[in-house]
Amino acid sequence: MAELKRTPLYDFHRAHGARLVDFAGWEMPVQYRSILEEHRAVRRTAGLFDVGHMGEVEVRGPEARQFLDRLVTNDVGKLFPGRVLYSPMCYPTGGVVDDLLVYMRGPDDYFLCVNAGNIEKDLAWIRAQVEGRAADITDRSPDYSLLAVQGPQAVAIVQSLSGAKLGLLKYYHFLEGTVAGVHCLISRTGYTGEDGVELYHASADAIALAEALLAAGGPRGMELCGLGARDSLRLEAGYPLYGHEISAEISPISAGLDWTVKFGKAGDFVGKEALAAEKQSGPRNRVVYFKTGDRRIVRGGSAVLDGEGKSVGQVLSGTLSPMLNEAIGSALVPAAQAGGPFTVDIRGAKLPLQVVKPPFVPLKKVS
């Protein structure tokens, strides 16, 4: 059995009582005190997450922009220094290699954040695509750690430790500055549906920065948060998770991420032909989101049944919404039946699934 990888905050997690689990080959905190409490803290005040397992990749060179525009489905050409872009990266079939963030630091200088479980696969794919282009690919994952501060009080907490003018930092923009004396790339992004920032910084500074943030945020009600709350928060917000709502088999069109596929941008991109055909004919399957009115969690992999009790789809993600106090989730179903009715079988009981449009809870729009 391969030894689990650890972020620079492993000792910090143990000192603060985290329950550690295997996540995509990383030994990560799933919770500290309670997933429900951590989730609610992010919705009401703030939460601090270690996301140092994520991968960081630099793309530099005179053809960096043109290369990235061909690599991903969204429009890299619209970026400017200080701007962040979310995009899927697809196979020629239209299936998703990964979803990632693209940061533009300068005309020939870009920075990617990719999913932890996909780092090696993504690097191999990116390097295979860059052949023949004047762009250099560098894996910077070992050099960086990443902390996310999320929730209504998040920006104020970070601002108390920084001279940077975070109030002027718009959603999906970033700047470089210091937080608690640590140099950071400060990004107005997150994976919870709440306001907040993500702080990229040198791995050696991770523990000092985390302790400073915890000291500043504790009096404001900030909680240390694990991957359990991160997953329930992202699902309440209706955000996809690679390997669940998007995958090599589930395209951005099927996942309802049409807005990330820019068919009109200059030049070609990998997967364009397949995605255009799927868009024109309509996807065979659709990702839908549901709630149940019941506290029993609907597990991923469960069969989705139609009105006649026939298996027509599969649950992709499922959890208990701490804010709604009922089970919520997502499923892949035939597009022609996307409105339901659906049920799932839980220990012999047929539980109705109510198809809803996420987010499941009201979220304040961040400008």
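Residues numbered from 1 in each chain as written. Predicted model: local features only at pLDDT ≥ 70, side-chain atom pairs only at ≥ 80, totals over all residues. Heavy atoms only, no water.

Caption draft 1: Fine view of the sheet that holds strand 4 (residues 55-60). Taken together, the five strands give an open sheet; going across it, the order is 5-6-7-4-8, and neighbouring strands pair in antiparallel fashion. Only two strands of the sheet have a single partner each, and these edge strands are strand 5 (84-90) and strand 8 (136-139). In this sheet, neighbouring strand axes are inclined to one another by 30 degrees on average, regardless of whether the strands run parallel or antiparallel. Here four bridges tie strand 4 to strand 8, and the two strands are oriented antiparallel to one another. Residue pairing in the sheet places valine 57 in a bridge with aspartate 139 of strand 8. (Pairing = 2+ DSSP bridges. Helix = DSSP H or I, 4+ residues; strand = E, 2+ residues; numbered from the N terminus. Axes fitted to C-alpha atoms, helices over the stretch in contact; angles between N-to-C directions.)

Caption draft 2: Seen up close, the sheet that holds strand 13 (residues 223-225). Reading across the sheet, the six strands line up as 10-11-12-9-3-13 and stay open at both edges, with mixed pairing between neighbours. Single-partner strands in this sheet number two, and they are strand 10 (174-179) and strand 13. Direction aside, the axes of adjacent strands within the sheet are offset by 30 degrees on average. Bridge count between strand 11 (residues 182-187) and strand 12 (residues 196-202): four bridges; the pairing is antiparallel. Each bridged residue has a counterpart across the sheet, and for isoleucine 186 the counterpart in strand 12 is leucine 199. Against the sheet, helix 6 (residues 206-217) contacts strand 3 (47-50), strand 9 (144-150), strand 10, strand 11, strand 12 and strand 13, and its axis sits at roughly 10 degrees relative to strand 9. (Contact = heavy atoms within 4.5 Å.)

Caption draft 3: The arrangement of the side chain of threonine 7 in detail. Tracing the backbone shows threonine 7 in the segment before helix 1 (10-15). Filtering out sequence-adjacent residues up to four positions away, threonine 7 remains in contact with His13, Trp26, Met28, Asp50, Gly52 and His53.

Caption draft 4: Main features of the nonpolar core. In this structure, Leu101, Tyr103, Cys113, Tyr200 and Ile246 are the most contacted members of the largest nonpolar core, which totals 37 residues. Among the elements of the structure, strand 5, strand 6 (96-106), strand 7 (109-114), strand 9, helix 7 (227-237) and strand 14 (285-291) are those that each provide at least two residues to this core. In this structure tyrosine 103 touches Arg83, Val84, Asp109, Tyr110, Phe111, Cys113, Phe174, Leu185, Ser187, Thr189, Glu198 and Tyr200, once residues within four positions along its chain are discounted. Listed in part, the 29 residues of the second largest apolar core include Leu9, Val155, Cys184 and Ala216. (Core = buried A, V, L, I, M, F, W, Y, C linked by side-chain atoms within 4.5 Å. Buried < 20%, exposed > 50% of the residue type's maximum accessible area, 1.4 Å probe, protein only.)

Note that all results are geometric; they support no functional claim without further evidence.
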